Amino acid sequence: KKEESKIRTLQDIKYMLVLLKGEMIYERASLPDIYLHLSQKLSKPYSGFFLKLCEEMEHRRGRTMEEIWREEVEKSTVDWTMEEKDRQEFLQLGNFWGYIDVSLQEAALELYKEKLEYRIKEMQSTIKDKKRIYSMLGVLSGVFLDILLF
């Protein structure tokens, strides 16, 4: 169950990337506007994450976009079901915010999306293998009990 929940979180993040890219590339919206729109389109806990990003962007207090992203990812993702390496990858995405070159931001989103797709497939394969092993162990346990009892 926990592994499946981790996969679901990564799939949710992948969906967020699609929305982010749409807002950034096609709508040409500013980051605070993008974050606000995403907070309205997504469900909890992701909506709260993007709303907080929007609020923090409006009150920067001398911080860069990258610093704001880092702080909010570190605070918000604690409650998300994900492994630390996945959290670090998500954190790295913030390194590309604020560049004037939108194509660089688009490339970063696309690269991260590909990494997510690979990671999701890898985790799904692991779950499938574990289920197969557990099934075999169940059968073997039954055979072993039959031998012991008879």
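Residues numbered from 1 in each chain as written. Predicted model: local features only at pLDDT ≥ 70, side-chain atom pairs only at ≥ 80, totals over all residues. Heavy atoms only, no water.

Chemist: Whenever I open this one, the overall build of the chain confuses me. Can you help?
Modeler: Counting its secondary structure elements, the chain contains six helices and zero strands. Listed by position from the N terminus, the elements making up the chain come as α-α-α-α-α-α. The C-alpha radius of gyration of the chain comes to 20 Å, more than 25% above the 15 Å expected for a compact globule of 150 residues. C-alpha extents for the chain along the principal axes are approximately 75 × 25 × 25 Å. Restricting to contacts in the chain with at least 6 residues of sequence separation, those with at least 24 account for 58%. Looking at charge distribution, the chain has the averaged site of its 25 positive side-chain charges lying 4 Å from that of its 27 negative ones. (Helix = DSSP H or I, 4+ residues; strand = E, 2+ residues; numbered from the N terminus. Rg over C-alpha atoms; globule rule 2.2 N^0.38 Å. Contact = heavy atoms within 4.5 Å. Lys, Arg positive; Asp, Glu negative; His and termini not counted. Charge placed at Lys NZ, Arg CZ, Asp CG, Glu CD.)

Chemist: Sorry if this is basic, but what is going on with the side chain of Glu72 here?
Modeler: Counting through the fold element by element, Glu72 comes out in helix α4 (residues 65-76). The buried category is assigned to Glu72, whose relative accessible area is 2%. Once you skip the residues sitting within four places of it in the chain, Glu72 turns out to touch Phe49, Lys52, Leu53, Glu56 and Thr77. (Buried < 20%, exposed > 50% of the residue type's maximum accessible area, 1.4 Å probe, protein only.)

Chemist: Can you walk me through the packing of helix α1 (residues 2-26) against helix α2 (residues 31-41) in this structure?
Modeler: Each pair of packed helices can be described by the angle between their axes along with the distance between the axes. The contact between α1 and α2 brings their axes to 10 Å, and the two run at 140°. As far as their axial angle goes, α2 and α1 are oblique. In this structure, the crossing between α1 and α2 has a hand that is right-handed. Only Leu31, Ile34, Tyr35, His37, Leu38 and Lys41 of α2 make contact with α1, whose side of the interface consists of Leu19, Leu20, Glu23 and Met24. Of the residues in the contact of α1 with α2, the class split is seven nonpolar, one polar and two charged. (Axes fitted to C-alpha atoms, helices over the stretch in contact; angles between N-to-C directions. Parallel < 35°, antiparallel > 145°, perpendicular 65-115°, else oblique. Left-handed = near helix turned anticlockwise from the far one by under 90°. Nonpolar A, V, L, I, M, F, W, Y, C, P; charged D, E, K, R; others polar.)

Chemist: Sorry if this is basic, but what is going on with helix α5 (residues 84-92) here?
Modeler: Along an α-helix, residues three or four positions apart point the same way, because every turn accommodates 3.6 residues. Within α5 the residues assigned to the buried category are Asp86, Arg87, Phe90 and Leu91. All buried residues of α5 project into a common sector of 145° when viewed along the axis, lining one side. In this structure, the buried residues of α5 make contact with α1, α3 (46-58), α4 and α6 (102-149). (Arc of directions from axis to C-beta.)

Chemist: Mind showing me how you'd approach the packing of aromatic side chains here?
Modeler: Here the distance between the centres and the angle between the planes together describe a pair of aromatic rings. Tallied over the full model, the rule gives 10 aromatic pairs. With a centroid separation of 5.8 Å and an interplanar angle of 40°, the aromatic rings of Tyr35 and Phe50 are classed as tilted. Placement of Tyr35 in helix α2 and of Phe50 in helix α3 is noted, with a sequence separation of 15 residues between them. Residue Tyr35 shares its accessibility class with Phe50, and that shared class is buried. Ring centres of Phe49 and Phe50 lie 4.9 Å apart, and the angle between their planes is 70°; this geometry places the pair in the edge-to-face category. (Phe/Tyr/Trp six-rings, centres within 6.5 Å; stacked < 30°, edge-to-face > 60°.)

No statement about biological role is implied by the geometric values presented.
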